[in-house]
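Coordinate inspection notes
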Amino acid sequence: PIIYVAGKNTYIYNTAGKKIYPTGDLSAAIEAKKSALVSAWAKSLLSNDWTPLSDAIYDLVVEQYKEFTPSDDGTITNGTAIKPVNTPKVKKANYQLEDYVFTYDARLDPYDNTAKLNDYINAVLSATGKKKVQLIGRCLGSTLVATYLTVYGCSKVETSILYAPSSQGVIPLSAFFTGDIQFDKDAIYKYVDNNMLDESSDFVKMILRLLKAMYAFNWGVNSVESAYRDIARTLYPRIVLTVYGKCPGFWTMVRDEYYEDAKKVVF
């Protein structure tokens, strides 16, 4: 039997059954707070003090993630949880990837989740009458597979596969934790140019190309980057710490070479 250990984006629900993670599009929240954000931006721009805008953005994000955020000691709050893994079905042959999917709360310590994975492996072996399983871990799931093999050994595992693994950390998330956000003008231009597919795209692309020809596009990106650098000094550590910094599972995706810098930034 194949046990597929999914990636980090397992849905998390509150006690009312509402999905709280992944949070999805922030557009509605931004629209609701648009007046306050514009006012804070104008105040920051006029005073060259970016604290008002930083505070306004922080309040917006924290409100959006308030149920997801663990307490200060990393424990889960508000009764939020994933839906429990189903009891493994009885099946004796012709195993498919979707037969036995192990899901988990990505906020938790991988060692805690691995103990639950061990229970699930035992349940699958009991349901199928087999002595070993095949483990496939995707993204953060690869960390759980690696942790399982470290703690429990491979006596119950015939094969292990790490699919798009984050078990040694991932550079984008490591950069996210350290605030090492780069503005590549060519990449931004290509992204906008290639991803605008609505009815206004031809006109917008024409304006975009005109701005680039006049070097105004680079000026615009430079202005945004400069504002970001000013805002990030106070805003960035607060947001990362509040939303993800208390989640041991997410810290496992910070690469070794970024780890000390990430601790300094977040804490």
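This report concerns the structure included in the present document. (Residues numbered from 1 in each chain as written. Predicted model: local features only at pLDDT ≥ 70, side-chain atom pairs only at ≥ 80, totals over all residues. Heavy atoms only, no water.)

This next bit is on the sheet that holds strand 1 (residues 2-5). Here four strands make up an open sheet; going across it, the order is 4-1-5-6 and the pairing parallel. A strand with exactly one partner marks an edge of an open sheet, and here the two such strands are strand 4 (100-102) and strand 6 (157-165). Across the sheet, the mean angle from the axis of one strand to that of its neighbour is 20°, orientation sign disregarded. Summarising the sheet, strand 1 and strand 5 (residues 133-139) pair through four bridges and their orientation is parallel. The residue bridging Tyr4 from the neighbouring strand is Ile136, located in strand 5. Running over the sheet, helix 4 (residues 110-128) touches strand 1, strand 4 and strand 5 and is turned about 170° from strand 4. On the sheet, helix 5 (residues 140-152) packs against strand 1, strand 4, strand 5 and strand 6 and is oriented at approximately 135° with respect to strand 5. (Pairing = 2+ DSSP bridges. Helix = DSSP H or I, 4+ residues; strand = E, 2+ residues; numbered from the N terminus. Axes fitted to C-alpha atoms, helices over the stretch in contact; angles between N-to-C directions. Contact = heavy atoms within 4.5 Å.)

A few words on the pairing of strand 5. Regular strands place side chains that alternate from one sheet face to the opposite one. Relative to strand 6, strand 5 runs parallel, the two being bridged by seven bridges. Bridge pairing in strand 6 places Gly137 opposite Leu162.

A separate point is the packing of helix 6 (residues 171-178) against helix 11 (residues 256-266). Axis separation between helix 6 and helix 11 bottoms out at 7 Å; the angle between their running directions is 35°. Between helix 6, through Ile171, Ser174, Ala175, Phe177 and Thr178, and helix 11, the contact on the second element is made entirely by Tyr258, Asp261, Ala262, Val265 and Val266. Tallied by class, residues from the contact of helix 6 with helix 11 come to seven nonpolar, two polar and one charged. (Nonpolar A, V, L, I, M, F, W, Y, C, P; charged D, E, K, R; others polar.)

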